[in-house]
Amino acid sequence: MSDLTELGVTAIRDGVAAGDFSAREVAQAFNAAIAAAQPALNAFITPTPDHALAAAERIDADRAAGRPLGRLAGVPIGMKDLFCTQGVRTTAASHILGHFVPPYESTVSGRLWDAGAGMLGKLNLDEFAMGSSNETSAFGKVISPWRRGHNQDPAPIAPGGSSGGSSAAVAARLCPAATGTDTGGSIRQPAAFTGIAGIKPGYGRCSRWGIVAFASSLDQAGAMARDVRDCAVLLEAMAGHDPKDATSLDAPVPGWTAALDADLSGCTIGIPREYRMDGMDAEVAKSWELGIAWLKDAGARVIDISLPHTHYALPAYYIIAPAEASSNLARYDGVRYGLRDLPEGAGLQDMYAATRAAGFGAEVRRRIMIGTYVLSAGFYDAYFTRAQKLRTLIARDFTQAFASCDAILAPTTPTAAFALGEKSDDPLAMYLNDVFSVPASLAGLPAMSVPAGLNGEGLPLGLQVIGRPLDEQGVLNAALAIEQRAGFVARPARWWA
Amino acid sequence: MSVDKATVARIAALARIRLGEDEVAALEPELNKILAWVELLGEVDVSGIEPMTNGAPGVLVLREDVVDADPLTGGGKRDAVLANAPAAAHGFFGVPKVIE
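Residues numbered from 1 in each chain as written. Chains lettered and ligands numbered in written order. Predicted model: local features only at pLDDT ≥ 70, side-chain atom pairs only at ≥ 80, totals over all residues.

1. What to know about the overall build of chain B
Each helix and strand in chain B was counted, giving three helices and two strands. Each helix and strand of chain B, placed in order from N terminus to C terminus, yields the pattern α-α-α-β-β. For 100 residues, the compact-globule formula gives about 13 Å, and the C-alpha radius of gyration of chain B, at 22 Å, lies well above that figure. When the backbone C-alpha atoms are referred to their principal axes, chain B occupies close to 55 × 45 × 25 Å. (Helix = DSSP H or I, 4+ residues; strand = E, 2+ residues; numbered from the N terminus. Rg over C-alpha atoms; globule rule 2.2 N^0.38 Å.)

2. Remarks on the overall build of chain A
Each helix and strand in chain A was counted, giving 16 helices and 11 strands. Relative to a compact globule of 497 residues, whose C-alpha radius of gyration would be 23 Å, chain A shows 21 Å and is just as compact. Viewed in the frame of its principal axes, chain A has a C-alpha envelope of about 65 × 55 × 50 Å. In chain A, buried positions account for 62% of the 497 residues. Counting contacts in chain A only where the partners sit at least 6 residues apart, residues at least 24 apart contribute 78% of the total. (Buried ≥ 20, exposed ≤ 12 C-beta atoms within 10 Å, placed from the backbone. Contact = placed C-beta atoms within 7 Å.)

3. Describing helix α10 (residues 313–328) of chain A
In a regular helix each residue adds 1.5 Å, so 16 residues correspond to 22 Å; α10 of chain A covers 22 Å between its end C-alpha atoms and thus fits that length. Of all 16 residues making up α10 of chain A, 14 are buried, and the element is well covered by its neighbours. (Expected span 1.5 Å × (residues − 1).)

4. A word on the packing of α10 of chain A against helix α13 (residues 380–401) of chain A
All names here are of chain A. Running from N to C, α10 and α13 point in directions that differ by 125°, and their axes come no closer than 9 Å. Classified by the angle their axes make, α10 and α13 are oblique. The element α10 and its partner α13 pack so that their crossing is left-handed. In this structure, α10 uses Ala-313, Ala-316, Ile-319, Ile-320 and Ala-323 to contact α13, whose residues at the interface are Tyr-383, Phe-384, Ala-387, Gln-388, Leu-390, Arg-391 and Ile-394. (Axes fitted to C-alpha atoms, helices over the stretch in contact; angles between N-to-C directions. Parallel < 35°, antiparallel > 145°, perpendicular 65-115°, else oblique. Left-handed = near helix turned anticlockwise from the far one by under 90°.)

5. Topic: the interface of chain A and chain B
Of the residues lining the interface, 57 residues belong to chain A; the matching set on chain B comes to 43 residues. Those elements that provide at least two residues to the side of chain A that touches chain B are α10, α11 (348–359), α12 (362–375), α13 and α14 (427–431) of chain A. Here the side of chain A that touches chain B gets 10 residues from one element, more than from any other, and that element is α13 of chain A. Taken together, the residues of the side of chain A that touches chain B break down into 35 nonpolar, 13 polar and nine charged. (Nonpolar A, V, L, I, M, F, W, Y, C, P; charged D, E, K, R; others polar.)

6. So, unusual backbone geometry
Residues and elements named next belong to chain A. In this model, Gly-161 is joined to Ser-162 through a cis peptide bond whose omega is 10°. Examined against the element boundaries, Ser-162 turns out to sit in the loop between α5 (148–151) and α6 (164–171). We note that Asn-42 has phi near 55°; this positive angle belongs to a residue other than glycine. Looking at the element boundaries, Asn-42 is found in the loop between α2 (23–41) and β1 (44–47). The class for Asn-42 is buried, based on 20 C-beta atoms found within 10 Å. Phi angles above zero are rare outside glycine, and His-150 is one such case at about 50°. Topologically, His-150 is positioned in helix α5.

7. Thoughts on the environment of Asp-278 of chain A
Residue and element names in this part refer to chain A. Here Asp-278 is to be found in the loop between β7 (268–272) and α9 (282–297). Residue classification places Asp-278 among the exposed residues on the basis of 4 C-beta atoms within 10 Å. Considered as a pair, Asp-278 and Leu-69 are 209 residues apart in the sequence and their alpha carbons are 52 Å apart.

8. Section: the pairing of β7 of chain A
All names here are of chain A. Sheet topology places β7 next to strand β8 (residues 301–305); five bridges connect them, and they run parallel. Paired with Ile-269 across the strands is Val-302, a residue of β8. With α9 bridging β7 and its parallel neighbour β8, the resulting β-α-β unit is right-handed. In this structure, β7 lies alongside strand β9 (residues 407–411), joined through two bridges in parallel fashion. Residue pairing across strands places Ile-269 opposite Ala-407, the latter belonging to β9. (Pairing = 2+ DSSP bridges. Right-handed = clockwise from strand over helix to strand, strands pointing away.)

So, to be careful, I would describe these as geometric facts and stop short of saying anything about function.
Here it is, written out as structure tokens:
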């Protein structure tokens, strides 16, 4: 068998089931790829080769014994280190959780293991998922496998964030798929930056139970893989009602994979005019035009739509998300778990303050500070309640647009990937990278990024499909139509090992 | 609205994050830049608009009030709960002396 790391989720599952290769051989191949790439890419915080091997051996034994195999049997995946994994250190890329070993398993990861998947490791991310470049991780930056100048320029490129370990690992063929989480774009933006597919389902599809919380009204787990079909397969295994998450959607999970269909006849796609911003990157604009042509070719009718409050989505998000984060992260107090910094002679309050100063990085502190301020007495209504009202208007924009279209096409990001360090000194410039992804997050809608092509420097560009509530199928189908016509086969040169 | 150094220090105290004077000084312009930007929201007339407080419409549900509803996380897990505590002793979380 040739290199098994070239295979995606579906091909591995089918190959294991057919006996073309063993699950153990697959796990070994990816374990070796990770070990070779880790010094250069730093995509993982904690590789778990033994977990992957043990899961693979169980699958091989099941197959030998003729027992039924799960939908992900023999598929080793990467797990964003925001999902609690029983007995395996879960850090959220923060110093404050640097030694935290959960005594329980997140619902989503548990479902994946039940479906027969194994874990190759815990993937790097921005600290507490707060960032767009994976530069805020307490465990070091992730380096994108992609390089400018058609793989020639050695300047390190951002893999996007916050799921930057996930995106880098999938793009570099260190795992066939990975989990991500998306609060304002943390699956879609890194997927776009690294030439892979990534779907954030509608809010409530995947249980948040056991996922380290950032902004609870926005956080949503999703799938990242090299193509649309593999994303659908993974997401089907992740999604489903969970009584342990009060916001979990109590609805059956459709058979998204079986219903994949790139024929968009009878489907209307909306193009939001407010996303055509002044000074838009010419290559991003061009890829958007190509996407429109591809969807027309697939049979869709394309119309202009208006989302009038788009301009206010980012500032509303950067009030709501930090406010929820400041509340969620109040739990890190140095008492029950995580880091404790107890200065000589300190009392309880001093211990809290010292622990949180020592445990949180600069961006997390900044967001807790913003959140604390906008929730404080005298400012709550002026900032937080007003932002929540804008959120209502932004969600209403989508509802009104969906009266005349079935899905929306937009770029995923305003530019291709930037170089590491390029935006890290300017928080606001970094926040602006989420301009196209945040509105769908605020509205709780399913949205997906799919590779559309390369820019002049040889870096990937992504296109985003946003769907109606509960219509992951419409999102996947439009993304599949784009994927089939984009013919994206570019890949990073293997410079790292 | 903008914040001065005293306000930054007060927010840090509310957030229970110890900051040195140099860190307060560095955060002041950063926070002001972000706060100036979010002032944009003041342009919009939001009178009569209900705030959206959750990611999806729906009724929040209550779970059954039973111990051990989940075998992994239900009742009787004292030692597992304490296993990650920085200072556990005698079956309790340890903290510095609170009452003199």
